[in-house]
Amino acid sequence: QVRMVDSGGGLVQTGGALRLSCAASIDSCRAYTMCWFPQAPGLGREFVEAIRTDRNTYYRDSVKGGFTISRDNAKNEVYLQMNNLKPDDTAVYSCAAGLRIILSALWTASAYDHWGQGTQVTVSS
């Protein structure tokens, strides 16, 4: 049974930083594309950053220079370092894992097979 546990969220002030973690109990986790999807209140999941098996990363333009995704295949973990946070970044952030996701589908939540429970990030002004 696949289990993914998200952690690291919290309350920070504008300009602050957080590091989210996702621990995945997936066989051959290194074969999965990993991604973070925040979901703000009243909105759907919105792609923020992904890392593929070749460690190439893809991000939403609005987080360029601020968010960085990384993975540790030995630990089956993926991370999202978030710097210079803004109130608009407030959301529940969920980690997702997917097999054989083509490049054009990276940004689509329904393309992913497994999800963490999410961790709340709140940025105060």
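Refer to the structure above for everything that follows.
1. Considerations on the overall build of the chain
- Scanning the chain from N- to C-terminus turns up zero helices and 11 strands.
- When its helices and strands are written in sequence order, the chain yields β-β-β-β-β-β-β-β-β-β-β.
- The C-alpha atoms of the chain give a radius of gyration of 13 Å, which matches the 14 Å a tight globule of 125 residues would have.
- By principal-axis analysis of the C-alpha atoms, the chain measures approximately 40 × 25 × 25 Å.
- Once local pairs closer than 6 in sequence are excluded, the contacts in the chain between residues at least 24 apart make up 57%.
- Carbon and sulfur atoms form 46% of the exposed surface of the chain, whose accessible area is close to 6,600 Å².
- Across the chain, 12 positive and 11 negative side-chain charges occur, with their mean positions spaced 4 Å apart.

2. Notes on the state of the cysteines
- Counted under the stated rule, the structure contains zero disulfides.
- For Cys35, which is in no disulfide, the shortest distance to another cysteine sulfur is to Cys95 and amounts to 8.2 Å.
- Using a relative accessible area of 0% as the deciding quantity, one classes Cys35 as buried.
- Among the residues examined, Cys95 registers a relative accessible area of 0% and is labelled buried.

3. Points about the pairing of strand E7 (residues 67–72)
- The alternating pattern of E7 places Phe67, Ile69 and Arg71 on a buried face, while none of Thr68, Ser70 and Asp72, on the opposite face, is buried.
- Judged from the six bridges that link them, E7 and strand E8 (residues 77–82) form a sheet pairing that is antiparallel. Directly across from Ile69, in E8, lies its bridge partner Leu80.

4. A closer look at the pattern of salt bridges
- Taken as a whole and assessed by the stated rule, the structure comprises one salt bridge.
- We note a salt bridge from Arg60 to Glu46, for which the minimum N-O separation is 2.9 Å. On the criterion of sequence distance, the pair formed by Arg60 in the loop between strand E6 (57–59) and E7 and Glu46 in the loop between strand E4 (33–39) and strand E5 (49–51) is long-range, its members being 14 residues apart.
- A relative accessible area of 22% means that Arg60 is categorised as partly exposed.

5. Some remarks on the nonpolar core
- Judged by nonpolar contacts, the single largest core of 26 residues is most densely connected at Met34, Trp36, Leu80, Met82 and Tyr93.
- Every residue in contact with Met82, bar those within four places of it in the chain, is listed here: Gly16, Ala17, Leu18, Leu20, Gly66, Phe67, Tyr93 and Val121.
- By size, the runner-up hydrophobic cluster in this structure holds nine residues, among which are Cys35, Phe37, Phe47 and Leu106.

6. A short note on unusual backbone geometry
- Even without being glycine, Asn76 reaches a positive phi, approximately 55°.
- In this structure, Asn84 is a non-glycine residue whose phi angle is positive, near 50°.
- Relative to the elements of secondary structure, Asn84 occurs in the loop between E8 and strand E9 (91–98).

Each value, and the rule that gives it
- Residues numbered from 1 in each chain as written.
- Predicted model: local features only at pLDDT ≥ 70, side-chain atom pairs only at ≥ 80, totals over all residues.
- Heavy atoms only, no water.
- Helix = DSSP H or I, 4+ residues; strand = E, 2+ residues; numbered from the N terminus.
- Rg over C-alpha atoms; globule rule 2.2 N^0.38 Å.
- Contact = heavy atoms within 4.5 Å.
- Areas by Shrake-Rupley, 256 points an atom, 1.4 Å probe, with all protein chains shown as cover.
- Lys, Arg positive; Asp, Glu negative; His and termini not counted.
- Charge placed at Lys NZ, Arg CZ, Asp CG, Glu CD.
- Disulfide = S-S within 2.5 Å.
- Buried < 20%, exposed > 50% of the residue type's maximum accessible area, 1.4 Å probe, protein only.
- Pairing = 2+ DSSP bridges.
- Salt bridge = Lys/Arg side-chain N within 4 Å of Asp/Glu carboxyl O.
- Core = buried A, V, L, I, M, F, W, Y, C linked by side-chain atoms within 4.5 Å.

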